[in-house]
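Each chain is listed here by its residues.
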There are 2 protein chains.
Amino acid sequence: MAQTFVTAEEVAKRAGVSRSAVSRTFNGGSVSKSVRRKVLKAAGELGYRVNRLAQGLMSERSNLIGVVGANLSSPFISRQLDLLSIGLLRRGLQCLLLNAADARKDIAPLIELLFEFRAQAIIVLSGEPPTSIIDECIANGVRLILINQRLDRTDTSMVLSDDSHGAELAAMRLVKADCKKVVVVSSSSQTPSQVRRANAFSQRMGIEGIEVVAWSGGPTSYGSGYKAACELLSDKTIDGAFCVTDLMALGFLDAARLEMGRRVPEDLSVVGFDDIPQASWKSYQLTTVAQPLDDLTDKVLTALDSDETETRLQVVSVFMVERTTAR
Amino acid sequence: MAQTFVTAEEVAKRAGVSRSAVSRTFNGGSVSKSVRRKVLKAAGELGYRVNRLAQGLMSERSNLIGVVGANLSSPFISRQLDLLSIGLLRRGLQCLLLNAADARKDIAPLIELLFEFRAQAIIVLSGEPPTSIIDECIANGVRLILINQRLDRTDTSMVLSDDSHGAELAAMRLVKADCKKVVVVSSSSQTPSQVRRANAFSQRMGIEGIEVVAWSGGPTSYGSGYKAACELLSDKTIDGAFCVTDLMALGFLDAARLEMGRRVPEDLSVVGFDDIPQASWKSYQLTTVAQPLDDLTDKVLTALDSDETETRLQVVSVFMVERTTAR
DNA sequence: TTGAAAGCGCTAACAC
DNA sequence: GTGTTAGCGCTTTCAA
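Owing to the predicted nature of the structure, the values given are computational and were not obtained by experimental measurement.

**A look at the interface of chain A and chain B**
Alright, step 1. Listed as interface residues are 65 residues of chain A and, on the opposing side, 65 residues of chain B.
Alright, step 2. Summed over both partners, the interface of chain A with chain B comes to about 6,200 Å²; 60% of that surface belongs to carbon and sulfur atoms.
Alright, step 3. Of all residues in chain A, the largest losses of buried area upon contact with chain B belong to A:Phe5, A:Leu53 and A:Trp281, amounting jointly to 13% of the total for that side.
Alright, step 4. A salt bridge links B:Glu116 to A:Arg52; its shortest N-O distance comes to 2.9 Å.
Alright, step 5. For the pair chain A and chain B, the number of links is 21 residue pairs in polar contact (both at pLDDT 80 or more).
Alright, step 6. Looking at the side of chain A that touches chain B residue by residue, the class counts come to 32 nonpolar, 16 polar and 17 charged.
Alright, step 7. Across three bridges, strand β2 (residues 94-99) of chain A lies against strand β2 (residues 94-99) of chain B in antiparallel orientation. Paired with A:Leu97 across the bridge in β2(B) is B:Cys95.

Rendered as structure tokens:
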């Protein structure tokens, strides 16, 4: 257990060169063929690995990117994390993952921890960092990237999908399905995204002169969608539903069909949001608004790269995926 | 951008004490009340954060735990990662996540990278590290923890669920359902877990004298399960199926019912493995073998703690979850 | 309890 | 091209 890694000094000694020759060999400095070969040989025999901690200490570049988020096992977020971690690795960046499950409301301590590791940038998948923390990021030159979080400041990068437009797409789709009375269901967590979607939807329906009842409760889950349908569909006049996430839509769909005896889409049209993999499963075939996650990921990585105060706010466009749950 | 973090030296200067007094204040060393107060005050005003990189340089404890895995957005793995990242954080450990998506077959470079960050331990969610790397872990005192990977060595920690027993449970369940000819479906990725499950199942069925045809193909996905059912169920005599993962089972189920016109469980009994959230969704209600993930996570964290060559191999027990897809 | 000094493993500026 | 030297920010003896 107490074994310790080989240092550059030991390699230098074995190769019969100076400590800096070793350093240069591993950092693309100029070294003669012969020295390089000797160093590589000695390093190989000894099992030498550069110490990135020490390296980062000097260059003040840790290569660490902090990622904080909650709900990491939800289909949507997990895909986001999957793509993000691949993208980071490809760019030679390391991903320091902090699960915000225990800190839903206050992710400040998590971000502070990331400071201590001298993370070069911090990506927030969910949760809203307090202003003081944002200021501290800027003061210390740590780039902050917020996903699906819209703040009223110009000094932090935000990547968000076009929730309002998506919700309008959903609204228009239900109009097209000739719905007379619709419901919009969201969770009680009231994330900014969900709120924007629900509001934009209601507003649009208002303009169209269609009655909408809003329901919200529980976590953002299949179960909450299920519950929503059970409670709402005793009202036989409801003929349309917009669930602000697919996960809820799927639960809603199951309860509507299997519990409340509705035929979809004949009696009831349902539209979701996100386009998670399960939405395309044969039992569901959910009509939904897609957020292209690869695009979102690209934009996050772009924000990471941009050295200066470039594109502060990037929005990823959404589109309707037509399947079978809307008439 | 070029701003830099405050150092302990600056704090010391402002507080009018020595550099070491600052260090002691933040590490529970013995300091007088008054000094501690002065230091804390100065640190607060300056926005000081200890530099863990430098800290780890001295103490040779980085506090970083490397996690490598692929398929991070699959329901099963993502849940695993979710629980794991929570558990690590609770123990004051940081999670350095490396996505093995690009390196399915060879995770060696990823682990080497983790060496460079002086990770204290490495947790491998998927993929099998080459022997040379394992040796290097040991040589450097890096604890290695393999999940659902059984190696024939006594010097590395392994946590695996009882695949064979689970498969036998599945077999017995299909026997109880009075199946005459069954199929076992797995993916073409042939992970050790899947192989163990498929083999144990076939073997058991052999003992019971029941004919079993093995199918494998595609990635471990809904789509592959779907495809399996389409190809297999043209044989009308098949009346039972064991899918080695729930994801495949769900696809199988959908194709069986919606594409191949089977009634489940009347004509066909289906059993899965894992018990992912979707297995309990109303449209599926899949009878399956559950792997208790919180237990698995606990065991991984235990392996992390155990300072010495303690429990090298821990197996988490599985159990049958009875729902509606087996007669 | 406190400060001075040494050193963790590395890189970079400087001479040679 | 190569070695020497001086730190990076921190912890940790060692005296005081």
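There is more to say, and it comes next.
**Section: the relation of the copies chain A and chain B**
Alright, step 1. The two copies are related by a screw motion: chain A maps onto chain B through a turn of 180 degrees and a shift of 0.0 Å along the axis, at an RMSD of 0.1 Å. The symmetry that links the two subunits is that of a two-fold axis.
Alright, step 2. Most of the interface of chain A is mirrored in chain B: 100% of its interface residues are interface residues there too.

**Re the environment of B:Ala21**
All names here are of chain B.
Alright, step 1. Within the fold, Ala21 resides in helix α2 (residues 19-25).
Alright, step 2. By relative accessible area, which is 9% here, Ala21 ends up buried.
Alright, step 3. Expressed as a C-alpha distance, the spacing of Ala21 and Val11, which sit ten residues apart in the sequence, is 10.0 Å.
Alright, step 4. Residues within four places of Ala21 in sequence aside, it is in contact with Val31 and Val35.

**As for the pairing of β2(A)**
All names here are of chain A.
Alright, step 1. Buried residues dominate β2, accounting for six of its six residues.
Alright, step 2. Burial along β2 is two-sided: the face carrying Gln94, Leu96 and Leu98 and the face carrying Cys95, Leu97 and Asn99 are both buried.
Alright, step 3. As paired elements, strand β1 (residues 64-69) and β2 share six bridges and run parallel to each other. Bridging from a neighbouring strand, Gly66 pairs with Leu96 of β2.

**Quick look at the pattern of salt bridges**
Where charged atoms from two side chains of opposite charge approach closely, those side chains can pair.
Residue and element names in this part refer to chain A.
Alright, step 1. On inspection of all chains with the given rule, the structure shows 47 salt bridges over all chains.
Alright, step 2. Put simply, Asp135 and Arg153 hold a salt bridge, and the shortest N to O gap is 2.8 Å. Of the two residues, Asp135 is situated in helix α7 (residues 131-139) and Arg153 in the loop between β4 (143-147) and β5 (157-161); the sequence distance between them amounts to 18 residues.
Alright, step 3. On the basis of relative accessible area, Arg153 is assigned to the buried category, the value being 18%.
Alright, step 4. The partner of Lys227 in a salt bridge is Glu231, and the shortest N-O contact between them spans 3.6 Å. Of this pair, Lys227 and Glu231 both sit in helix α10 (residues 222-232), four residues apart, which is roughly one turn of that helix.

**Points about the packing of α10(A) against helix α11 (residues 246-259) of chain A**
Residues and elements named next belong to chain A.
Alright, step 1. One way to put it is that α10 packs onto α11 with a least axis distance of 6 Å and a crossing angle of 40 degrees. Taken together, the axes of α10 and α11 are oblique relative to one another. Here the hand of the crossing between α10 and α11 comes out right-handed. Across the interface between the two elements, Tyr222, Ser224, Gly225, Tyr226, Ala228, Ala229, Cys230 and Leu232 of α10 pack against Leu247, Met248, Leu250, Gly251, Phe252, Asp254, Ala255, Ala256 and Glu259 of α11.

**Digging into the UniProt feature "domain: HTH lacI-type" (unreviewed entry) in chain A**
Alright, step 1. Cross-referencing UniProt, the feature "domain: HTH lacI-type" (unreviewed entry) maps to residues 6-59 of chain A in the present numbering.
Alright, step 2. A distance of 21 Å separates the end C-alpha atoms of residues 6-59 of chain A, which is 69% helix and 0% strand.

**Comments concerning α10(A)**
Three or four residues apart is the spacing at which side chains of an α-helix point the same way, because the helix has 3.6 residues per turn.
Alright, step 1. Every buried residue belonging to α10(A) is among A:Tyr222, A:Ser224, A:Gly225, A:Tyr226, A:Ala228, A:Ala229 and A:Leu232, and all of these are buried.
Alright, step 2. Residues of α10(A) that are buried sit in contact with β6 (181-186), β7 (211-216) and α11 of chain A.

**Description of the nonpolar core**
Alright, step 1. Of all hydrophobic cores here, the largest spans 106 residues; its most connected members are A:Ile123, A:Phe252, B:Ile123 and B:Phe252.
Alright, step 2. Among all residues touching B:Phe252, those that are not within four sequence positions of it are B:Val183, B:Val185, B:Gly225, B:Tyr226, B:Ala228, B:Ala229, B:Leu232, B:Leu233, B:Ala241, B:Cys243, B:Leu268 and B:Val270.
Alright, step 3. Judged by nonpolar contacts, the second largest core, of 57 residues, contains A:Leu89, A:Ile111, A:Val124 and B:Ile133.

**Section: the side chain of A:Arg153**
Alright, step 1. Within the local environment of A:Arg153, its side chain forms a polar contact with the side chain of A:Asp135, the two groups lying 2.8 Å apart.
Alright, step 2. Aside from chain neighbours lying at most four places away, what touches A:Arg153 is A:Thr131, A:Ile134, A:Asp135, A:Ile138 and A:Met158.

**Some remarks on the environment of B:Asp298**
Alright, step 1. One can find B:Asp298 in helix α12 (residues 293-305).
Alright, step 2. Residues B:Asp298 and B:Gly87, spaced 211 residues apart in sequence, show a C-alpha to C-alpha distance of 8.1 Å.

So, how was this worked out
All residue numbers refer to position in the chain's written sequence, counted from 1. Note on labels: chains are lettered from A, ligands numbered from 1, in written order. Residue-level local features of this predicted model are given only where pLDDT is at least 70; pairs of side-chain atoms are given and counted only at 80 or more, and the full residue set underlies all totals for whole chains, interfaces and linings. The side-chain quantities take in all heavy atoms of the structure and omit both hydrogens and water. Two residues qualify as a contact provided that any one of their heavy atoms is within 4.5 Å of a heavy atom in the partner residue. Values labelled buried area give the accessible surface lost by two parts on being combined, using a 1.4 Å probe and summing over both. Salt bridges are defined by distance alone: a side-chain nitrogen of Lys or Arg within 4 Å of a carboxyl oxygen of Asp or Glu. Identification of polar contacts relies on pairs of N or O atoms within 3.5 Å, with a donor-acceptor requirement for protein atoms, meaning one able to donate a hydrogen and the other able to accept it, and with residues adjacent in sequence counted only if both atoms are side-chain atoms. Residues are grouped as follows: Ala, Val, Leu, Ile, Met, Phe, Trp, Tyr, Cys and Pro are nonpolar; Asp, Glu, Lys and Arg are charged; every other residue, Gly included, is polar. Only strands joined by at least two bridges in the DSSP assignment are considered to pair. Labels follow the DSSP assignment, with helices taken as runs of H or I lasting at least four residues and strands as runs of E lasting at least two, numbered in each case from the N terminus. A least-squares fit on C-alpha atoms brings the copies together, and the residues used are those whose pLDDT is at least 70 in both copies. Burial status follows relative accessibility: with a 1.4 Å probe on protein chains alone, a residue under 20% of its type maximum counts as buried, one over 50% as exposed, and anything between as partly exposed. Lines fitted to C-alpha atoms define the axes, with helix axes restricted to the stretch in contact, and inter-axis angles between N-to-C directions lie between 0 and 180 degrees. Working rule for angles: under 35 degrees goes down as roughly parallel, over 145 as roughly antiparallel, 65 to 115 as roughly perpendicular, anything else as oblique. Here a crossing is called left-handed whenever its near helix is offset anticlockwise from the far helix by less than a right angle, and right-handed whenever the offset is clockwise. UniProt positions are given in the numbering used here, feature names are shortened, and annotations may be inferred rather than shown by experiment. To define a nonpolar core, start from buried Ala, Val, Leu, Ile, Met, Phe, Trp, Tyr and Cys residues and group those joined through side-chain atoms within 4.5 Å.

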